[in-house]
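Working through the structure, step by step
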Amino acid sequence: MTELQRVKSGTLDVVLLSPHDALRHGKDAFAIEFKSTSRGNLVDVGNVRATANMPMPGMAMFGNIDVQRSDVPGRYVANGQFDMAGTWRMTIEWDGPGGKGSVAFSGTVH
Ligand SMILES: [Cu+2]
């Protein structure tokens, strides 16, 4: 898996990983990992949701990202639907025993 993006939120790094070298438009599967910024270990953050939209003139295009737990605590499986290549605004939110959090960032879809 290739690390595509890493966004820091407090004591967590939120890491996007893909079996490819980029997210792809259409349907694409990737992984989201939550890691301690200090020790690098995976952290179970509870339930995770993600959204994606692309601001476009006069409208916004909405993508879809379904996030499920994997067998490994702290690693989540994401199935995305991005109808266009380009820059997408993505948000990832989590809610668990360790607290709630979210990150927003721009991601490139090829
Ligand atoms: Cu678009």
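Here we look at the coordination of the copper ion
Here the copper ion is held by the protein donor atoms Met54 (SD), Met56 (SD) and Met84 (SD), which lie 2.3 to 2.4 Å from it. Counting along the primary sequence, the residues that act as donors to the copper ion give the motif M-x1-M-x27-M. Here Met56 is found in strand E4 (residues 47-56), whereas its partner Met84 is found in the loop between strand E7 (75-82) and strand E8 (86-96), with 28 residues between them in sequence. On the basis of relative accessibility, which here comes to 29%, the residue Met84 falls in the partly exposed class.

What to know about the pattern of salt bridges
Counted under the stated rule, the structure contains six salt bridges. One salt bridge connects Arg6 with Asp13, and the closest N-O pair in it is separated by 3.0 Å. On the basis of relative accessible area, Arg6 is assigned to the partly exposed category, the value being 39%. Given a relative accessible area of 11%, Asp13 falls into the buried group. Here Glu33 ties to Lys35 by a salt bridge, and the two come within 3.5 Å at their closest N and O atoms. Each of Glu3, Arg6 and Asp13 takes part in one network of salt bridges that share partners.

Conventions adopted
Residues numbered from 1 in each chain as written. Predicted model: local features only at pLDDT ≥ 70, side-chain atom pairs only at ≥ 80, totals over all residues. Heavy atoms only, no water. Donors = N, O, S within 2.8 Å, 3.2 Å for Na, K, Ca; no water. Helix = DSSP H or I, 4+ residues; strand = E, 2+ residues; numbered from the N terminus. Buried < 20%, exposed > 50% of the residue type's maximum accessible area, 1.4 Å probe, protein only. Salt bridge = Lys/Arg side-chain N within 4 Å of Asp/Glu carboxyl O.

Without other data, these values stay purely geometric and don't point to any function.
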